[in-house]
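# Structural overview
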Amino acid sequence: MDKSQSTGLLFEISHKGRRCHLLPDCDVPTKTSAELLDKKYLSNDPTHLPEMAEIDIVRHFVNLSTKNMAIDCNFYPLGSCTMKYNPKRHERLGALSGLAHVHPLQDDQTCQGMLEILWEMQNYLAEIAGLDGVSLQPAAGAQGELTALLVAAAYFRDKKEKRTKVLIPDSAHGTNPASAAIAGFDTITIKSNARGRVDMDDLISKIDSQTAVFMITNPNTLGLFDEQIVQITDLIHKAGGLVYLDGANMNAILGITRPGDFGADMMHYNVHKTFTGPHGAGGPGSGPIAVRKQLIPFLPAPLIIKTNEGFKLDYDRPKSIGRVRSFFGNVGILLRGYFYIRTLGPDGLKQVSQNAVLNANYLLSLLKDSFDVPHGDRCMHEFVASARTLRRDKKISAMDIGKRLLDFGYHAPTVYFPLVVSEAMMMEPTETESKETLDHFAQTLIKIRDEDAEFLHGAPHTLDISRPDEVKAAKEPMLRWKK
Ligand SMILES: *Cc1c(COP(=O)(O)O)cnc(C)c1O
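Residues numbered from 1 in each chain as written. Predicted model: local features only at pLDDT ≥ 70, side-chain atom pairs only at ≥ 80, totals over all residues. Heavy atoms only, no water.

### Examining the overall build of the chain
- On a plain count of helices and strands, the chain comes out with 17 helices and 12 strands.
- Reported as C-alpha extents along the three principal axes, the dimensions of the chain are approximately 80 × 70 × 40 Å.
- Taken across its 483 residues, the chain has 49% of its residues classed as buried.
- Long-range contacts, defined here as pairs at least 24 residues apart, represent 70% of the contacts in the chain between residues at least 6 apart.
- Counting only carbon and sulfur atoms, one obtains 54% of the accessible surface of the chain, whose full area is about 24,400 Å².
- Here the chain holds 55 positive side-chain charges and 58 negative ones, and the gap between their average locations is 2 Å. (Helix = DSSP H or I, 4+ residues; strand = E, 2+ residues; numbered from the N terminus. Buried < 20%, exposed > 50% of the residue type's maximum accessible area, 1.4 Å probe, protein only. Contact = heavy atoms within 4.5 Å. Areas by Shrake-Rupley, 256 points an atom, 1.4 Å probe, with all protein chains shown as cover. Lys, Arg positive; Asp, Glu negative; His and termini not counted. Charge placed at Lys NZ, Arg CZ, Asp CG, Glu CD.)

### Here's the deal with the packing of helix H6 (residues 112–129) against helix H12 (residues 331–367)
- Look at H6 against H12: their axes get within 10 Å of each other, and the N-to-C directions meet at 50 degrees. The angle between the axes of H6 and H12 places the two elements in the oblique class. When you trace H6 past H12, the crossing you get is left-handed. Side by side, H6 and H12 meet where Met114, Ile117, Leu118, Glu120, Met121, Tyr124, Leu125 and Ile128 of the first sit next to Val331, Leu334, Leu335, Gly337, Tyr338, Ile341, Arg342 and Leu349 of the second.
- Partitioned by chemical class, the residues of the contact of H6 with H12 number 13 nonpolar, one polar and two charged. (Axes fitted to C-alpha atoms, helices over the stretch in contact; angles between N-to-C directions. Parallel < 35°, antiparallel > 145°, perpendicular 65-115°, else oblique. Left-handed = near helix turned anticlockwise from the far one by under 90°. Nonpolar A, V, L, I, M, F, W, Y, C, P; charged D, E, K, R; others polar.)

### Quick word on the packing of aromatic side chains
- The full count for this structure, using the stated rule, is 11 aromatic pairs.
- Among the aromatic side chains, those forming a connected cluster through ring pairs are Phe75, Tyr410 and Phe441. (Phe/Tyr/Trp six-rings, centres within 6.5 Å; stacked < 30°, edge-to-face > 60°.)

### Notes on the sheet that holds strand S11 (residues 414–415)
- Ordered in space as S10-S12-S11, the three strands form an open sheet in which the pairing is antiparallel. Of all strands in the sheet, those with a lone pairing partner are strand S10 (383–386) and S11, marking the two edges. (Pairing = 2+ DSSP bridges.)

### Quick look at the confidence of the model for the chain
- The predicted model of the chain averages 94 in pLDDT, with 98% of residues at 70 or higher.
- Of the regions scoring below 50 in pLDDT, residues 1–5 engages in four contacts with residues more than four places distant in sequence or in other chains. (pLDDT = per-residue confidence, 0-100.)

### So, helix H10 (residues 229–238)
- Within the sequence span of H10, burial applies to Ile229, Ile232, Thr233 and Ile236. All buried residues of H10 fall inside an arc of 95 degrees around its axis, so they share one side.
- Summarising the contacts, the buried residues of H10 are in contact with helix H9 (200–206), strand S4 (211–217) and strand S5 (242–246).
- Phi for Gly240, located one or two positions after H10, is positive at around 85 degrees. (Arc of directions from axis to C-beta.)

### A few points about the site of the ligand
- In the region of the ligand, the neighbouring residues are Ser80, Ala140, Gly141, Ala142, Glu145, His173, Thr175, Asp246, Ala248, Asn270, His272 and Lys273.
- Contact between the ligand and Asn270: an oxygen atom at 2.9 Å from a side-chain N or O atom of the residue.
- Interatomic distance of 2.7 Å between a side-chain N/O atom of His272 and an oxygen atom of the ligand.
- Protein contact buries 87% of the 380 Å² of open area that the ligand shows by itself.
- Here the shell around the ligand gets three residues from one element, more than from any other, and that element is helix H7 (residues 141–158). (Near = heavy atom within 4 Å. Polar contact = N/O pair within 3.5 Å; in protein donor to acceptor, adjacent residues only side chain to side chain.)

### Quick look at the pattern of salt bridges
- As enumerated under the stated definition, the model contains 28 salt bridges in all.
- The shortest N-O distance in the salt bridge between Asp450 and Arg449 comes to 3.1 Å.
- We note a salt bridge from Lys472 to Glu476, for which the minimum N-O separation is 3.1 Å.
- The class of Lys472 is partly exposed, set by a relative accessible area of 45%.
- Each of the salt bridges in this network shares a partner with another, and the network as a whole consists of Glu127, Arg258 and Asp261. (Salt bridge = Lys/Arg side-chain N within 4 Å of Asp/Glu carboxyl O.)

### Section: the pairing of S10
- Of the two faces of S10, the one carrying Phe383 and Ala385 and the one carrying Val384 and Ser386 are both buried.
- Here S10 pairs with strand S12 (residues 424–427) via four bridges, running antiparallel. Residue pairing in the sheet places Val384 in a bridge with Met426 of S12.

### Structural notes on the sheet that holds strand S1 (residues 133–135)
- Here we have seven strands laid out as an open sheet, ordered S1-S7-S6-S5-S4-S2-S3, and mixed in their pairing. Looking at the sheet topology across the chains shown, the edges are occupied by S1 and strand S3 (186–190). Shown here is a sheet whose adjacent strand axes are inclined to one another by a mean of 20 degrees, direction ignored.
- Here helix H8 (residues 175–182) sits on the sheet in contact with strand S2 (165–169), S3, S4 and S5, set at roughly 175 degrees to S2.

### Some remarks on the side chain of Asn330
- Considering the arrangement of structural elements, one finds Asn330 in the loop between strand S9 (310–314) and H12.
- For Asn330, a relative accessible area of 19% puts it in the buried group.
- Setting aside anything within four residues of it in sequence, one finds Asn330 in contact with Ala139, Pro284, Gly285, Ser286 and Arg325.

### As for the packing of H12 against helix H15 (residues 435–449)
- Close contact between H12 and H15 brings their axes to 10 Å; oriented N to C, the two are set at 30 degrees. In terms of orientation, H12 lies roughly parallel with respect to H15. Crossing hand, H12 versus H15: right-handed. Residues Asn359, Tyr362, Leu363, Leu366 and Leu367 of H12 pack against Lys435, Leu438, Asp439, Phe441, Ala442, Leu445 and Ile446 of H15.
- A breakdown of the residues in the contact of H12 with H15 according to their chemical character gives nine nonpolar, one polar and two charged.

### Some words on unusual backbone geometry
- In this chain, Phe417 is followed by Pro418 through a cis amide linkage whose omega measures 0 degrees.
- For the bond running from Ala459 to Pro460, omega is 0 degrees, close enough to zero to count as cis.
- Within the secondary structure layout, Pro460 lies in the loop between helix H16 (453–457) and helix H17 (470–475).
- Positive phi, close to 55 degrees, is recorded for Phe327, a residue that is not glycine.
- Counting through the fold element by element, Phe327 comes out in the loop between S9 and H12.
- What makes Phe327 partly exposed here is its relative accessible area of 34%.
- The phi dihedral of Lys395 falls on the positive side, at around 60 degrees, and the residue is not glycine.
- Along the chain, the position of Lys395 falls in the loop between helix H13 (388–394) and helix H14 (398–407).

Pasting the structure below:
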């Protein structure tokens with residue numbers, strides 16, 4: 001097939017007069033829009049819509065769908081993102097008309113089923129967190145961070161305490177300092193020690209009466225559980241501060257430990273990571289937050305509550321920071337997370353984390369003799385390898401390896417994050433991958449390591465687009481077709 005035809009835009013492959021189907025002429029007398037509408041509402045220009053046969057439309061979109069990496073087509077070891085399989089059962093359940101056809105502006109009494117599901121979801125997320133109250137509103141993890149920090153700011157304002165600083169380890173995700181800054185705090189970086197954990201001396205030297213929040217990812221972005229966590233949370237609490245847990249790595253600890261039990265006061269979930277919501281390409285997402293009792297009054301309104309007259313949206317929350325998203329949050333993803341939690345139950349969720357950690361350690365064991373893994377004896381659900389000696393000795397970078405993996409049908413690992421490891425390649429296989437997939441992936445990585453550097457600099461060699469200018473693509477995306 002002529003490739004240009006399948007890759008052209010709909011407008012370019014349009015043919016005047018082509019139609020998907022032809023209906024017979026209507027034999028009921030009707031009026032045209034020109035007869036029905038006042039002339040001033042009629043457009044003078046014809047609408048420029050593509051005109052195509054159904055089969056060409058289907059081919060166009062199916063072909064486009066294969067031009068991207070997707071969890072349904074490719075192994076996707078993108079560290080920190082928990083790219084696990086999204087069960088198709090969730091799509092079927094989410095499409096049930098009682099769920100899919102509820103309108104958010106319906107009266108509470110007419111959508112009791114949906115409200116009950118969301119109320120239960122609030123309770124499940126509180127239980128898994130070991131915390132007391134949940135808001136389902138934030139649309140992604142980053143918005144959850146911002147929301148929780150605004151809640152913390154409102155809490156301190158209410159207590160008439162002036163606290164201006166948020167402490168964040170240097171291994172944190174970039175959204176942590178960004179959220180703290182947007183919420184109006186000053187951010188203070190805490191060093192990691194040689195073991196990849198929080199440097200306690202540095203932390204202690206930076207805690208003071210201005211400390212509002214300590215944000216920690218645990219297990220952290222190196223895939224390591226910081227076992228100093230109880231000591232850390234005690235220190236912060238003694239200084240009057242709050243502890244925030246970045247919950248992006250919950251896939252490692254479901255049912256094994258709870259953030260509330262190790263001293264976190266607030267956290268976000270990434271439902272699209274941990275609980276199988278599909279994600280990528282910027283959305284969709286869902287980032288509910290869970291908080292300790294004393295913070296509940298400040299959560300976004302409304303919360304879903306159970307009363308004698310049924311489930312209700314509770315707007316009567318005078319200390320609330322207000323809304324952070326329209327309606328009930330990103331319900332499509334919350335539903336998928338709810339089905340997942342209900343399907344697996346407590347034992348199943350624990351097994352998810354055990355298998356995620358097992359898979360990551362298996363992959364680590366296959367690779368650690370062939371690549372540098374700075375903190376690599378054992379890991380939680382992910383680990384960070386480094387191409388630093390390859391770069392020094394052979395001029396092969398983490399980017400080259402990531403790009404070359406695409407030729408073999410693998411998505412690249414997360415590269416150049418976390419910042420504390422140079423030439424980082426962060427790999428998270430998740431529990432849904434088979435031993436065969438992990439074996440083959442490791443063999444492929446080792447094969448790439450031994451390839452010619454010049455050849456790798458030009459990779460990928462088999463895709464339509466090889467090395468776009470990523471900064472330009474992010475800053476000046478062209479989302480519109482222009483002639
Ligand atoms: C993904 C991630 C976030 C941000 O979550 P989004 O849902 O992408 O907004 C924050 N921290 C860590 C460690 C993450 O992996």
